[in-house]
Amino acid sequence: MKIFKLLFNFFLLFSLNLEAQNVVWQENDYFTIESGEIQKYTLPENKKSTFVDKAALIPKNSNSPIEPKSFSFSEDGNKILIFTNTQRVWRQETKGDYWILDLKTKAITQLGKGRPASSLMFAKVSPNGQMAAYVSERNLYIEDLKTQKISPLTQTKGKIINGTFDWAYEEEFDCRDGFRWSPDSKSIAFWQIDATKIKDFLMINNTDEIYAKNVPVEYPKVGESPSACKVGVANIATKKTIWMNVPGDPQQHYIPRMEWANNADELIIQQLNRKQNESKLMYCNAKTGASRTFYQEKDAAWIDVRNSWSYGNIEGWDWVENGKSFIWVSEKDGWRHIYKVSRDGKNETLLTEGNYDIQKIMNVDVANDYIYFMASPDNATQSYLYRTKISQVTKAEKVSQTELKGTHNYRISDNGKYAFHNFSNYFTPRVSEIIALPSGKPIDESKSILANQKLQKKDVEFFQVTTTDGTTMEGFIAKPQNFDPKKKYPIVFYVYSEPAATVVNDVYGVDRNRLYTGNMAADGYIYAALDGRGTPAPKGREWRKSIYRKVGIVNIRDQAMGALAMFKKYEFIDTSRVAIWGWSGGGSATLNCLFQFPEIYKTGISIAAVANQLTYDNIYQERYMGLPQENKEDFVNGSPMHFVKNFRGNLLYIHGTGDDNVHYQNAELLINEMIKYNKQFQFMPYPNRSHGIYEGEGTTLHLSTLYTKYLKEHCAAGGR
């Protein structure tokens, strides 16, 4: 349920244009792909020069240059690894072809010759620059860059996955790249996922051929055991693998994080139990496989794995003090904080003291003794850059300019000297600059954000309301154009409400309904949203985890009580014309709001919703709800299907039949319940469309037209 619940998450809405171009840092230079060439920019002058032109990208016996999708440098900086001809694997384009450009000889050669086209994944040059490794068709290979000899490190078949992950690990832990070169280039540590016992969920393709065909997805439903997972270390010379002896049943735990432990002799891993409320950090001997636990943590609800690291990237392990300590994030004191933990796990230091949450770690600058992180202690809808010392406990220092109140984002150079900085708020379109660190000042004042703000008048208000339950919620409301306070206007709520995203964020465009054809404000609609308990706002552990085992109950009541509080606060809301819509988890919330509180919500548009929580994947649903073997009633009671009998309004339900994330099965289960209780509604299936419902000619226009027409017909626009 992560695609469209994250669409309005400001960390994604607000991603950097330069990041999308695959910005690569080297010291005080950064490199980008522009028009099929690699350009170099030198700071602080920001002087541009062509580093690799198209002519250098023409392979031998070819007349055409390869077209880079992304690239990286070898550790010695003498080679460039280029990714091209990419294909999507579930969410991202992680499969394609790789080429090596030798900057000294100017030779360009393809990796994996003889392997199927566009089948290579996560290719990496060894630290010594002599080898490359990659995944192809679920097996791990190494290649000698001098001789181009390819050798398999694994040779498994079927549902054994080496060096990458199954659907659930990728979707729920952001685990994709599943292998790591050792620092001495003599071995490779990798994950192996055994999905043999995972049942295939069969989607049906009815449109591409005369006879329908099944599309199988290895998908562990909630209550089903996860794929077995283990970690191995393959010796490059012998091609033999030593498996790490991680205690416990491999089908009853997860290993979401694994790295070399700042040396070539041992690994550091994180193990989560099945419920994801116990975390153990272990060292594993790379030569013997022996493991030992040295740091443990428990939570009455769940332990977040990916939500505290920059850009959601859980790769890498931040070692400080010459490897004597590492940086860790925990909510153990009730707030999400940064800790420095000694290598043996016996001592830890809280580096971000105070009653506030860090949002993301952005950079660990060991050389200058700083950790940079995002936080917003005073306003949960915004985000600012802070820094604090690594070596000692000091009060966190705000780096973002005080004059710029809203949402900031940064891409910090590896050496901690520069950063791309973007800023936006609800009335300021995104503005960018390059800043120097640690000062935080722009390198060119004439191109600074403060000098180039283009403010746009917006009739948008951010507010707080306190419900009858005593819950204070963040919200925004966008008023119609030519607003007349003496009139009553229809209101359309946008909702998500689950633990992976907030929707009330002080960013430009927050008031825009992307599915509405035309201008909602001009047509006379109020557009609004509320973030209640369970959303990942920086408001403390208790706020976020009060939803545990109560998804579909606590978050839905908060939405409804928040709406009632708004009706009292804003008398111009026409309570007879109240609509709500959402996608994925927001689609589920839309159904629950309509069904549980029909006296409040009159019209709903629900897209790709989970109608029955027992149909979703185990990692996500069990994290927030527990195990159905122990508390099945919580899954049933929080599912929209459980409340269908209460429905009495207007519903447009939309689902893609090729949705590998929230299966189309949910639509048919919901339809059966609606039929059972003679509930009339409108339904639109999109053949073979995935969770995003964008594939195919005309799809986006059709969806937005359908959405807009239904809203206008059932929740009439304009003041009265």
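Just so it is clear, the model here is predicted, and its values are computed rather than measured. Per-chain numbering applies: the sequence of each chain, read as written, is numbered from 1 onward. This being a predicted model, a pLDDT of at least 70 is required before a residue's local features are given, and a value of 80 or more before pairs of side-chain atoms are given or counted; all residues contribute to the totals for chains, interfaces and linings. To get the side-chain values, all heavy atoms of the structure are used, and hydrogens and water are removed first.

Caption draft 1: Inspection of the overall build of the protein at higher detail. Counting from the N terminus, the helices are DSSP H or I runs at least four residues long and the strands are E runs at least two residues long. Counting secondary structure elements, the protein contains eleven helices and 42 strands. Each principal axis of the C-alpha atoms in the protein carries an extent, and together these give about 75 × 60 × 60 Å. Two residues form a contact once any of their heavy atoms are found within 4.5 Å. Of the contacts made within the protein by residues no fewer than 6 positions apart, 60% connect residues no fewer than 24 positions apart. Note that accessible areas follow from Shrake-Rupley with a 1.4 Å probe, and for residues the cover is restricted to the protein chains shown. Of the roughly 29100 Å² of accessible surface on the protein, a fraction of 47% belongs to carbon and sulfur atoms. For this count, His and the chain ends are skipped, Lys and Arg are scored as positive, and Asp and Glu as negative. By convention, the charge on Lys lies at NZ, on Arg at CZ, on Asp at CG and on Glu at CD. For the protein, the centre of its 88 positive side-chain charges and the centre of its 82 negative side-chain charges are spaced 1 Å apart.

Caption draft 2: Quick peek at the packing of aromatic side chains. Two rings from Phe, Tyr or Trp (for Trp, the six-membered ring) form a pair when their centres sit within 6.5 Å of each other. Planes less than 30 degrees apart are called stacked, planes more than 60 degrees apart edge-to-face, and all others tilted. Tallied over the full model, the rule gives 45 aromatic pairs. Both rings, one in Phe 294 and one in Phe 326, keep their centres 6.1 Å apart while their planes meet at 90 degrees; by these two values the pair is edge-to-face. Of this pair, Phe 294 sits in strand 23 (residues 291–298) while Phe 326 sits in strand 25 (residues 325–330); the two residues are 32 residues apart in sequence, bridging distant segments of the chain. In this pair, the class of Phe 294 matches that of Phe 326, namely buried. Put simply, the rings of Trp 167, Tyr 219, Trp 302, Tyr 548, Tyr 616, Tyr 620 and Tyr 624 touch in pairs and so form one group of aromatic residues. The residue whose ring lies beneath Arg 257 is Trp 317, and the NZ or CZ to ring-centre distance is 4.7 Å. Looking at Lys 398, its charged tip hangs above the ring of Tyr 384, at a distance of 4.0 Å from the centre. Remark: exposure states derive from per-residue accessible area (1.4 Å probe, protein chains only) relative to the maximum for the residue type, with buried under 20%, exposed over 50%, and partly exposed in between. Consider the ring centre and the ring normal. A charge sits over the ring if Lys NZ or Arg CZ is within 6 Å of that centre and within 35 degrees of that normal.

Caption draft 3: Molecular detail of the pairing of strand 23. Pairing between strands is defined by DSSP: at least two bridges between them are needed. Relative to strand 23, strand 22 (residues 278–285) runs antiparallel, the two being bridged by seven bridges. Its bridge partner lying in strand 23, Leu 281 is registered against Tyr 295. Connecting the antiparallel pair strand 22 and strand 23 is a turn made up of five residues, with Gly 289 showing a positive phi of about 85 degrees.

Caption draft 4: Structural context of the sheet that holds strand 3 (residues 37–42). The sheet built from four strands is open, its strands ordered 1-2-3-4 with antiparallel pairing. Looking at strand neighbours, the two that pair on one side only are strand 1 (24–26) and strand 4 (47–52), the edges of this open sheet. Strand-to-strand twist across the sheet, computed as the mean angle between neighbouring axes with direction ignored, equals 30 degrees. Bridging between strand 3 and strand 4 involves five bridges; their strand directions are antiparallel. Each residue of the ladder has a partner; that of Thr 42, found in strand 4, is Lys 47. Lines are fitted to the C-alpha atoms to define the axes, a helix being fitted only along its stretch in contact, and any angle between axes, read from their N-to-C directions, falls within 0 to 180 degrees.

Caption draft 5: Expanded view of the UniProt feature "domain: Peptidase S9 prolyl oligopeptidase catalytic" (unreviewed entry) in the protein. UniProt positions are given in the numbering used here, feature names are shortened, and annotations may be inferred rather than shown by experiment. As annotated in UniProt, the feature "domain: Peptidase S9 prolyl oligopeptidase catalytic" (unreviewed entry) corresponds to residues 520–715 in the numbering used here. For residues 520–715, helix accounts for 42% and strand for 17%, while the C-alpha atoms at its two ends are 12 Å apart.

Caption draft 6: The arrangement of unusual backbone geometry in detail. The peptide bond linking Leu 43 to Pro 44 adopts the cis configuration, its omega dihedral lying at 10 degrees. For the peptide bond that leads from Leu 437 to Pro 438, omega is 15 degrees, which places it in the cis range. Phi angles above zero are rare outside glycine, and Asn 678 is one such case at about 55 degrees. By secondary structure assignment, the location of Asn 678 is in the loop between helix 10 (665–676) and strand 42 (682–686).

Caption draft 7: Structural view of the environment of Ile 361. Looking at the secondary structure, you find Ile 361 in strand 28 (residues 358–365). Put simply, Ile 361 and Glu 170 are 191 residues apart on the chain and 21 Å apart in space, counted from C-alpha to C-alpha.

Caption draft 8: Just helix 7 (residues 585–596), in detail. Here, expected helix span is obtained from the residue count minus one, scaled by 1.5 Å. Its twelve residues give helix 7 an end-to-end C-alpha distance of 16 Å, which sits within 8% of 16 Å, the value for a rise of 1.5 Å per residue. Of all twelve residues in helix 7, twelve are buried, a share of seventy percent or more. Turning to helix 7, its buried residues number three or more, namely Gly 585, Gly 586, Gly 587, Ser 588, Ala 589, Thr 590, Leu 591, Asn 592, Cys 593, Leu 594, Phe 595 and Gln 596. Buried residues along helix 7 sit in contact with helix 6 (554–569), strand 39 (573–583), strand 40 (603–607), strand 41 (650–656) and helix 10.

Caption draft 9: Structural detail: the nonpolar core. Here the nonpolar core consists of buried residues drawn from Ala, Val, Leu, Ile, Met, Phe, Trp, Tyr and Cys, with membership extended through side-chain atoms lying within 4.5 Å. Trp 581 and Leu 711 are the most contacted members of the largest nonpolar core, which totals 79 residues. Other than its neighbours up to four places away in sequence, Trp 581 contacts Val 492, Phe 493, Tyr 494, Val 495, Asn 513, Leu 515, Tyr 527, Thr 590, Ile 605, Ile 607 and Tyr 707. Among the nonpolar cores identified, the runner-up in size contains 43 residues, and Ile 477, Ala 611, Tyr 653 and Met 674 belong to it.

Caption draft 10: Focus on the pattern of salt bridges. Salt bridge, as used here: a side-chain nitrogen of Lys or Arg that lies within 4 Å of a carboxyl oxygen of Asp or Glu. Per the stated rule, a full pass over the model turns up 38 salt bridges. One salt bridge connects Lys 340 with Glu 321, and the closest N-O pair in it is separated by 2.8 Å. Taken together, the residues Lys 340 in strand 26 (residues 337–342) and Glu 321 in the loop between strand 24 (319–320) and strand 25 connect sequence positions 19 residues apart. Glu 321 sits in the partly exposed class, given a relative accessible area of 33%. One salt bridge in this structure joins Glu 331 and Arg 544, with 2.8 Å as the shortest N-O distance. Of this pair, Glu 331 sits in the loop between strand 25 and strand 26 while Arg 544 is found in helix 5 (residues 541–545), placing the two residues 213 residues apart along the sequence. For Glu 331, a relative accessible area of 7% puts it in the buried group.

Caption draft 11: Looking closely at the confidence of the model for the protein. pLDDT measures the predictor's confidence residue by residue and takes values from 0 up to 100. Across the protein, the average pLDDT comes to 94, with 96% of residues at or above 70. Within the model, the stretch residues 3–20 combines pLDDT values under 50 with 60 contacts to residues more than four positions away or in other chains.

Caption draft 12: Looking closely at the sheet that holds strand 25. Strands sit in the order 24-25-26-27 across an open sheet of four strands; the sheet is antiparallel. The sheet is open, and its two borders are formed by strand 24 and strand 27 (348–350), each paired with just one other strand. The sheet contact formed by strand 26 and strand 27 spans three bridges and is antiparallel. Opposite Lys 340, over in strand 27, you have Thr 349 as the bridge partner.

Caption draft 13: Examining the packing of helix 8 (residues 618–625) against helix 9 (residues 628–637) more closely. Remark: helix 8 packs on helix 9, axes separated minimally by 11 Å, with the N-to-C direction vectors making an angle of 80 degrees. On the basis of the axis angle, helix 8 is roughly perpendicular to helix 9. Here Gln 621, Glu 622 and Met 625 of helix 8 lie close against helix 9, whose contacting residues are Pro 628, Asn 631, Asp 634 and Phe 635. Comment on the angle field: the value is read as roughly parallel under 35 degrees, roughly antiparallel over 145, roughly perpendicular from 65 to 115, and oblique elsewhere.

Caption draft 14: Focus on the pairing of strand 7 (residues 92–102). Burial analysis of strand 7 places eight of its eleven residues in the buried class, which makes it a mostly covered element. Here strand 6 (residues 79–89) hands over to strand 7 after two residues, with Trp 90 in that stretch at a positive phi of 60 degrees. Relative to strand 8 (residues 108–110), strand 7 runs antiparallel, the two being bridged by three bridges. Residue Ile 100 lies in a different strand from strand 8, and its bridge partner there is Thr 109. Linkage of strand 7 to strand 8, two consecutive antiparallel strands, is achieved through a turn of five residues, within which Lys 106 is found at a positive phi near 70 degrees.

Caption draft 15: Seen up close, the side chain of Asp 660. You can see Asp 660 is positioned in the loop between strand 41 and helix 10. In this structure Asp 660 comes out as buried when scored by relative accessible area, which is 6%. Here Asp 660 is in contact with Trp 90, Arg 91, Trp 167, Met 203, Val 217, Tyr 219 and Ser 690, once residues within four sequence places are set aside.

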